[in-house]
Structure formats: C-alpha cells, structure tokens
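# Breakdown of the fold
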Amino acid sequence: MKATVYAVRLQTGWQARYTVDWETDEGVWLDPDYRHGVAEGWGAAAADLPRATGAIVKLKRALPLGEAEAACGQLQAALTGRREQGEAEVGALLQRLCGDAAGAGGKYAKLGELWLGLGRGRREGSEWLGASAGAAKEGCELLSSLSGGKYGRGAAAGKLEAMRLRVLVPLMEGRSLLQAEASALLADRAPGIALGTGLPGLLQLGALFGVLRLGAAVALGAPPRARRLRCRRCGSGEAALRRTACASCGSAACAVCEACLALGRSRACGLLVRGPAPAASPLGAAAAAAGPLAADVCARWGLSLAQRAASEQAVRFLLAESGRARTAGRDASGFWRLSMDRLRTSLNFHAGSLQRGKFSERSTARLDAPYGDPLAIQPRSFLLWAVTGAGKTEMIFPLLDAVLGAGGRALLATPRRDVVLELAPRLAKAFPSRSMAVLYGGSGDRWQQADLTLATTHQLMRFGQAFDLVLIDELDAFPYHGDPMLHYAAAAARKPDGATVLLSATPPAAMRRAVSFGRLPCAKVPVRYHRHPLPVPHVYIMAPMKRWSSGGLTDDAKKARDFSSRIAGRQASALYARIGASLARGAQVFIFVPYIKQIEALVALFRRQAPRWGISAASIDGTSSQDDGRRDKVMAFRERELRLLVTTTILERGVTVPRSDVFILDAHAKLFDEAALVQMAGRAGRSADDPDGRVCFCAAHRTRALAGAIRQVTAMNRLARSGGYLLDLPRDERRIRLGSRLNGVFKPSRRQGGRS
Amino acid sequence: MKGLLHAVYGLLHPVLRQCPVCLREVRGEPAPSPVPVWHPEARMRLDRLCGACATRIPWIWAPMCPVCGRPGRCGDCLRRKLTHFNGVRCAVQYRDEMKGWLADFKYRGAERYAEIMAAMLSGAMERLRADFGGAFDLITAVPLAPGRLEERGFNQAERIAAAVSAWYGIPYRELLKRTRDTDKQSGKARRGRIEDMRGLFAPVEGFAVERQPERSLRILIADDIYTTGSTMNDCARAILQAAPGAEVYGIAWSRT
C-alpha cells in the first residue's frame, strides 16, 4: 500500500508524519466539523486535540509505505535539529528527502526545479509549490487550515469513525497484525463495524490518537543495523527477504519476508498494526502491595515436596520487584548485563507510557521491536529445570495462578499441537473463572482476547507486548529450539517488563552455562513425582546395528564366516536376551533407532525372535513420523496390546507408558544428542508401581553425548538424594547400577565393539 | 569471534542446496529426472528441485486433444461452439500436489515458486512450438482484476509469462484488461464459468501492433491454469477484436 508524507506545525514545532489514509488526516487537521465529531465520538474535548498552528506541507506523490516511513523518520530528524523553518524550507526538505527515498538519480536536477517552483509559489502567493507546471503529481502541496468547510466529511462521519475506533482498540490490545489479519479480526469479533475498504482510515485515526501503532511490516532495523531491512513480525533479516516487483505499491523491489509466509505475507509496503502500548505489568505492583505469599499460592495445588520448592522459587521470582530479580546475577558481568537490560526495558517502557497520551505527540508511534540476537536469553527469564516425569504441568498451575491472580495476562506456549489440545481441558478445569484462548493452526479462538492463552509457538507471531508471563514449555524441542523466528516472536509477545519462564528437562548447554554463571535464575526439580531416583542408563558396547540387523537375512557365506560378524551376532543375541528379560518381567519395551528406514528391518528381525520371548509376533510393531497410524499404535502400546515398539526420536517426549524399559540402539549415532538421550531414557520408570525401569544405551563406542546424558541423570539423582527428596528405602532395595558392573554378562573387547 | 568461526565452518561445510518448493536442504546434485523441457535456463531451474518434488510433477507427456492438449478425452473442446484460439498446450496435470503448489504461489504469495512454474511452463511452450511451429511475435498474460492485483501484489500469470518471454526471446506486452470483477473461478461449475467469462476481457487502450503484411501476427497468451478454456477463449476473442487476422495460441501451466 502507499502512504502520504506530510509535515504539520504544532505548538511544539514541526512534526513529520505519514498516513495510509490522507482523508482522515486531512479531516482531523483541517476540517473543524470533522474534528469536533471525532472528539465527541472519542469522548474528549476538541480543544485537547493538538491543533495545526500553520499550514500543512504535503508531498503530492504517495510513496510505498516502507519508503514513506523511512522518509518521515529522516524528515523528523532534520526538522528537530533546526530552530524555526518556514513552509517553503520544509517543503524543500521534504521533497529532497523523498526524492532520495524514491531512489531517483536526478537528485540535483530535481532540486533546481524545486527552487524554481518555490520562487514562483512565493511570488504568486498561491497554495501550490509544484515543481513544474506540467507535472501535477510531483512536488509539494501547501494546505492551510483556514480553508475549512470545503471538506465534505462533516461531524457525523467523524463521530462514527471515532466510535468504531473505540470498539477496535480493546480488540487490538497486545496484538501485532497485518492489515489482512486486522480485517479478519474485525470481521470475527465486531462484525457490526466490519468495513472493507475503510479499514486503513480507521487504523489511521487510531494512529493519530496514538492508540494504535502502525508501520511497515518489513522496515529498517534498529540503529546498529539501521541499513538493513528486517521483518518486524518475525525478526528475520535480509537472508529471508526477497525483493520483487509489487503491484500494490508500485515499487520494483518491494521486500517480502519468506520466513513467516505461512502466517500471511509480511512486506515492505504491508501495514503492520500493533495495539496500544501496554500498561505497566501488575506483577511488580502486586509484590509491593503485599499480595499473596508465594508459599500460599503454591500450597493450593497439591504438589510434591520438590515440585513445591521449585514452583515457590519461580512464583517468588515472578512476584519479586525488579530489584530482587537483579540480585540473582552473581558475577559482575551477569549483574551488569541484567541491569543494563532492565534499564533498557524501563526506558522502552517510559517511551510507551508517553505514547499513551491522548494524542500522540511523536510523529507516529513507532513499532519498537526487541533487537539483538533473538536466540540470546531474554532479560528477566527464569528456568524451571525439571527431570523427565517430574510433573512439569502441575508446576505450571501455581505460576499461572500467581499472574492471573494479580490481574495479568499469561501465555503458555508449547511447540506441539497435541500438547495444546491435551492441556486445554486441564487448564480450563483449573481456572474455571478465567477466559481462555486455545490457539493452533486452524483453531477457532484465533481472535479471542483472553486472560490465559494456550498456543503453539508459531501463533505468538500475532501478538506484540501482550503478556505479563510467557511460559515456554519444552524449550529445547523442535521447532522452537534454534529457530530465531520463534524466539523473536516469544520475546516480542512479552510485555517489556513481563517475565519469561522456561521449562525443560534438558536445557541446552548455553543455558546450563548461564545458570552456572548465575546469569539465569533457575529452580531444579531433581526427582520424579513418585520420589524414586531416575533410572541410570547403562552402556552396552556392541557392534553397530548394520552389522547384525541384516545378518540373518543375507546368506552370504563369506560374511557368515567373518569373525567380526560372528562377534556381532553373539552381541546381538546378548541384546535379545536382555530384551527377553525385560519382556519376561512384564515391561513394555521401547526400542529407539536413529533412522526411520531402519525400523522395518528391525521389526521383522524382532518378530522372528518373538516365540523365544514368549510373545506373539503381532505384539511387535514399529512407528515413525511418516506413519499415519502412529496414534493408534501408541495407544495399543499403552494398552499393552503391543509389547515392543520400535521407533525414532519422534516418541522421545510426551509419551508416558507405565512399566516400560528403554533400549536405544546405535546410541552413538550423531542424531542422538545429549538431550535426546536423556529424554529417551526418561521414558522408563515413570509410574510409581515400577519406578526402576531399565535403560540401555547400545552403542558401538562411547560418545560425549552418551557420557553427558549419564552424567546429567546421575547428577540429578545426587541432587535429589542430598535434597532429601527421595523416598527412604532400605539400602538393598535401591538399585544403583553402575554401567560396567551390569555389563558383565558378555564383555566384548573395546576393539571389536568399535568402528570397523 | 562467533561470526568468524561460522565463516570458517561455512567453508568446510558441504554445499547444501535448498529445494525451492519444499525448502528442505539437499546435499549435492539430485539425480536428474526426465523433464520435457529443452531450454537450458528452464532445465537449470528444474534441476534445483529435490528428488522427491521433481518426481511428483505430473507432466503431460502425450497430449491427446489436438486443440487444448489434454492428455485424455476432452469434452470441453468438442462442446465449445466458437473457438477463437488456434491451439493451447499445458505443461502438467492439475493434481493434488500441483494444487498445493499453485495455492502456495497464488494465495499465500510464495513468490519463490515463480521461477519453477515458469520453467514448467516452458514444457508447454516447447510442446506448442513442436505442434504448431515456432516464431511467436508477442506473449501476453491473462490479467487480474485491479483490486485483486493490488491485494495480491502480483499477477501470477504475468510473472511466469515474463520469465518465459525472457528465455525464449518473445517480447512481453500487456494486451488485455478485465472489464469487470468476477468472483474467484475456483469452485464454480462449468456452466457458471462460461457464463461468467463472456465479454470479461477487452484489449487495452492503445493496443496497436505493427502489421506484418507478409504473414499473420502470432500472439501467445499465458495463464496458470486451464480448466474449460473459457478464459483463454475470451482472451483470444479480445485480441482478435483488436488485431483481426492474428493467430492466437495459448500456454497454460496446468490442465485439469
């Protein structure tokens, strides 16, 4: 879309503005009737609106929105620098800047023309500062506020428009929407005022009042990177932008963001609308006003000892005043970084509160976006590090309760849609009196404003500075992990003074480092809800799968005679014996493999073993991300119809099967990183009646990830023991297994087990 | 420091190429799959597809209808009373995958598809040249309604026609305009489409092409999708109205 750039003289001096609907601006500045109508509809006195004290200098040519915004910024900078300028000078400046903005080559030629035009304008005393008589669409126009009455919009139209705006503004709170999305929102939530082509005018009126913030969806970045374009919605830089000829703004190289295309086209001439700047977060205030104590908030939810300790810590973090959060930084650099971040956010916040004034004094309320590395840890974050099966979901409730109780808005974001669907009824039951929106691709609540929002991470793109608490579940899971776009969205969805709580069983290394340096406050839950230690995986060094999984199939005599494959065969039968032992004790067996293509052969191989294990071949199956019947198979596995399930990392999270043992084949594979190994090991021993599930890493050689995973598990168990969270069992009932000791059934030499 | 390490890493890393359709990163050269396209530029674009996407394209290898090039029995051409164009060829069959691609390109605005679809359209172009002889004088695209053009930001037919025009050296000209807005054509019965289309297109003002007395002018219309042929027919009618005696041909990316 195109926008018009103009400069208006207020009491305080010249102000540069741009508008996506000139008629609205024209009415507000120059038409007294319309102005009165607007003031009446909005509920303010007309005298309160700033008044144009002189003429308006307007560029006749409409520029593409992105260029208009940039030109407006430059013009404002040029105007505030100097003292007092006449209309002619401002017009010249405007024209020079916009000639630049349009990238015209003949800059100087234009300038010459301009001066000519100005001279003529002065001499004749006309309203026109046209560059040349022939080109009526070039140059600047001087509009005087004296010539009221000739604009035919009238008071009634203004009043209606302002009343519509009053309906729109609460709907836009905390939103960050493209124009098409804003119109969909209006059609859904306020069908009475749905207006097809009038939307830009309405939004522009909101921008004039300073209650809506408009801007180009793709625009120049913040000062350190002020020369590069950036998508304001998803934060993607030049790499994700494609420049194409655009029919809606007429530019030959209009940038489109390809990263967030799935949620609508964000482009340099597309309008991005943000709601009013947020009010101060109620969390700090609540703490000051002696709200409920953290312990009281947590007591209600029937948590276990360890859960309660951790959620109390988290709630205290939420309710704490900013000063207390700052003391979390122990080392000097962390302290300074945190306090600098605080300072920055508070500055942003003050800017926001200024914008909230009746009529925006700043040119057009800018769309501030978080800048810097989106993957960096946000200031005022808290990590809730709870082992697999600790009951993370239960620990969320007191946090949400604390925020909702203080009157704030909370968001729970999770990478996966089925988690959203599973959690929604539980949350609705826990907070029956709160409004809740459940968002995922294609959900019906898309435009609902609610106290509690449950969403997949992609949906965060439609919010801006909306939430006092952003809870991110499984922060190390696909697709959230490592995606700068989603991190940016999560940072942008939070109010500048809000808080982020990150939940994970396996936080990435950078985050663990931040915790140990004291840069990131953290609470650990080292024990499962049933208060038994985590099963420690033991490592079984054996030949890689390719050496034995196809061994029975090929009748290659030479291969069969091969010494190393005979060893591999024996190692495989030892593995079968272990699996058999697990099945014999009545456990469900998870077999994890690195690649989907390995599943089929392995299922066939295991089915041949089934009679020896005393189960039917039909109770052995495999599933992967490409399997449509995955859900049914997991159900069958949970119901014990299936006894052995071969799968990939797709089932590493969120699957709870009581009484299960885990075997990870080819655990040395590069695909299995530390987090994946810990998560897969976390599938075992989750229920209280069988807390000692077995976990076996079958690897050709030890890897760093393998050792790291075991170290994580043992460290958590140690922490649980020293914290006194474990059940007090007699010594011999506790099964503390050391990998090497139990590995002794068959001990292949390292050399044979290693890579060949 | 991190940036420097990243640069070094980039040098050591094997070259990954992104499939322009599914955006998956493919390592090395994909196995060449047969395509009915000769032009090197177009072939180069098609080679960027990953193996899975390339094999999923339902090319029309053997057109059966002599008029519209449908690879099966064609009722539309038999039923049509007055056919203004001389011949049309289409590149692919409009199956589910292709529907997805077109929806991504047209409605979701994924402009990265433009080149791939233009390369595919080249298949229709070459088939048309083989069947009706080469040497076209002008190429044009089926226009969009102004409102929709502004909303969408681009005309998909024009985008792919422009690429084909550059590759085959046929000058691109805007020859047509829409006289009125219609609803979207998708989701309409045959009868409705034909009714809708009548008199929908008109030649643009100032449509004057230099007459070539020795032979008649050959004009090519490009479109993204050919369903009943009513759009193409009306466009051909409009062109003939402005340039009587011209030969009008059509290429379309897909045929239902």
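If you're wondering where the values come from, they're calculated on a predicted model, not measured in any experiment.

## Description of the overall build of chain A
Helix and strand content of chain A: 26 helices and 27 strands. Classification of the 756 residues of chain A by burial places 56% in the buried group. A separation threshold of at least 6 residues defines the contact pool for chain A, and within that pool the share at least 24 residues apart is 75%. Counting every atom, chain A has about 32,400 Å² of accessible surface; 53% of that belongs to carbon and sulfur.

## Some points on the domain arrangement of chain A
Residue and element names in this part refer to chain A. If you check the domain split of chain A, you get domain 1 (2-166), domain 2 (174-274), domain 3 (282-525) and domain 4 (538-753). At the junction of the two partners, domain 1 supplies 23 residues and domain 2 supplies 27 residues. Our enumeration of links across domain 1 and domain 2 arrives at one salt bridge. As a salt-bridge pair, E69 and R232 come within 2.8 Å of each other at their nearest N and O atoms. Secondary-structure elements contributing two or more residues to the side of domain 1 that touches domain 2 are β1 (2-10), β2 (13-19), α1 (22-30), α2 (32-42), α3 (65-81) and α6 (154-172). Of the residues that constitute the side of domain 1 that touches domain 2, the class distribution is 13 nonpolar, three polar and seven charged.

## A few points about the pairing of strand β23 (residues 588-592) of chain A
The side chains of a regular strand alternate, residue by residue, between the two faces of the sheet. Residue and element names in this part refer to chain A. Along β23, five of the five residues are buried, which leaves the element largely enclosed by surrounding structure. The alternating pattern of β23 places Q588, F590 and F592 and V589 and I591 on opposite faces, both of which are buried. As paired strands, β23 and strand β26 (residues 660-665) are joined by five bridges and run parallel to one another. Bridging from a neighbouring strand, I591 pairs with F663 of β26.

## Describing the interface of chain A and chain B
With eleven residues of chain A in contact, the opposing surface of chain B contributes eleven residues. Around 890 Å² of area is buried between chain A and chain B when both sides are counted, 47% of it from carbon and sulfur atoms. On the chain A side of the interface with chain B, the three residues burying the most area are A247, L261 and R265 of chain A, jointly 49% of the side's total. The tally of links between chain A and chain B comes to one salt bridge. For the salt bridge of E111 of chain B with R265 of chain A, the shortest nitrogen-to-oxygen distance reads 2.7 Å. Linking chain A with chain B are seven residue pairs in polar contact (both at pLDDT 80 or more). Its residues assigned to classes, the side of chain A that touches chain B comprises five nonpolar, two polar and four charged.

## Things to note about unusual backbone geometry
All names here are of chain A. In this model, F478 is joined to P479 through a cis peptide bond whose omega is 0°. By secondary structure assignment, the location of P479 is in the loop between β19 (467-472) and α16 (484-493). The backbone of R380 sits at a positive phi, close to 55°, despite the residue not being glycine. By the element assignment, R380 lies in the loop between α13 (332-355) and β15 (381-386).

## What to know about the nonpolar core
In summary, soluble globular proteins display a tendency toward joint burial of nonpolar side chains. With 191 residues, the main nonpolar core has L677 and F697 of chain A as its most contacted residues. No other element matches the eight residues that helix α14 (residues 392-405) of chain A contributes to this core. Excluding its chain neighbours within four sequence positions, the residues that come into contact with F697 of chain A are P537, H538, V539, Y540, I664, A667, L677, A681, L706, A709 and I710 of chain A. L128, I160, V164 and I251 of chain B belong to the second largest nonpolar core, which has 49 residues in total.

## A closer look at the packing of α1 of chain A against α2 of chain A
Residues and elements named next belong to chain A. Here α1 crosses α2 at 95°, and the two axes come no closer than 6 Å. Relative to α2, the element α1 is oriented roughly perpendicular. Side by side, α1 and α2 meet where T24, G27, V28, W29 and L30 of the first sit next to P32, Y34 and R35 of the second. Partitioned by chemical class, the residues of the contact of α1 with α2 number five nonpolar, two polar and one charged.

## Description of the sheet that holds strand β7 (residues 218-226) of chain B
All names here are of chain B. Judged by pairing direction, the sheet is parallel, and its four strands sit side by side in the order β3-β8-β7-β4 without closing on themselves. Of all strands in the sheet, those with a lone pairing partner are β3 (87-93) and β4 (138-141), marking the two edges. When the angles between neighbouring strand axes are averaged without regard to direction, this sheet yields 20°. Pairing of β7 with strand β8 (residues 247-255), which is carried by eight bridges, proceeds in the parallel orientation. Note that in β8 the partner of I219 across the bridge is V248.

## Examining α1 of chain A
All names here are of chain A. Among the nine residues of α1, eight are classified as buried, and the element is accordingly described as predominantly covered. Three or more residues of α1 are buried, namely W22, T24, D25, E26, G27, V28, W29 and L30. In this structure, the buried side of α1 is in contact with β1, β2, α2, β3 (56-59), β6 (140-143) and α8 (199-209).

## Quick look at the pairing of β7 of chain B
All names here are of chain B. For β7, the tally of buried residues reaches nine of nine residues, placing the bulk of the element in the interior. Sheet topology note: the β4/β7 ladder contains four bridges and is parallel. For I139, the partnering residue across the bridge sits in β7 and is L220. Handedness of the β-α-β unit built from β7, helix α10 (residues 230-242) and β8 comes out right-handed.

## Structural notes on a nonpolar patch on the surface
On the surface, V8, L11 and L12 of chain B cluster together to form a nonpolar patch covering roughly 360 Å² of accessible area. Mapped onto the fold, V8 of chain B is located in helix α1 (residues 2-12).

## Digging into the sheet that holds strand β8 (residues 213-216) of chain A
All names here are of chain A. Spatially, the three strands line up as an open sheet ordered β7-β14-β8, and their pairing is antiparallel. Each having just a single partner strand, β7 (176-178) and β8 make up the two edges of the open sheet. Across the sheet, the mean angle separating the axes of adjacent strands is 25° when strand polarity is ignored.

Basis of the calculations
Residues numbered from 1 in each chain as written. Chains lettered and ligands numbered in written order. Predicted model: local features only at pLDDT ≥ 70, side-chain atom pairs only at ≥ 80, totals over all residues. Heavy atoms only, no water. Helix = DSSP H or I, 4+ residues; strand = E, 2+ residues; numbered from the N terminus. Buried < 20%, exposed > 50% of the residue type's maximum accessible area, 1.4 Å probe, protein only. Contact = heavy atoms within 4.5 Å. Areas by Shrake-Rupley, 256 points an atom, 1.4 Å probe, with all protein chains shown as cover. Domains from an automatic or database assignment. Salt bridge = Lys/Arg side-chain N within 4 Å of Asp/Glu carboxyl O. Nonpolar A, V, L, I, M, F, W, Y, C, P; charged D, E, K, R; others polar. Pairing = 2+ DSSP bridges. Buried area = accessible area lost by both parts, 1.4 Å probe. Polar contact = N/O pair within 3.5 Å; in protein donor to acceptor, adjacent residues only side chain to side chain. Core = buried A, V, L, I, M, F, W, Y, C linked by side-chain atoms within 4.5 Å. Axes fitted to C-alpha atoms, helices over the stretch in contact; angles between N-to-C directions. Parallel < 35°, antiparallel > 145°, perpendicular 65-115°, else oblique. Right-handed = clockwise from strand over helix to strand, strands pointing away. Patch = residues over 30% accessible without salt bridge, like charges linked within 9 Å, V, L, I, M, F, W, Y side chains within 5 Å.

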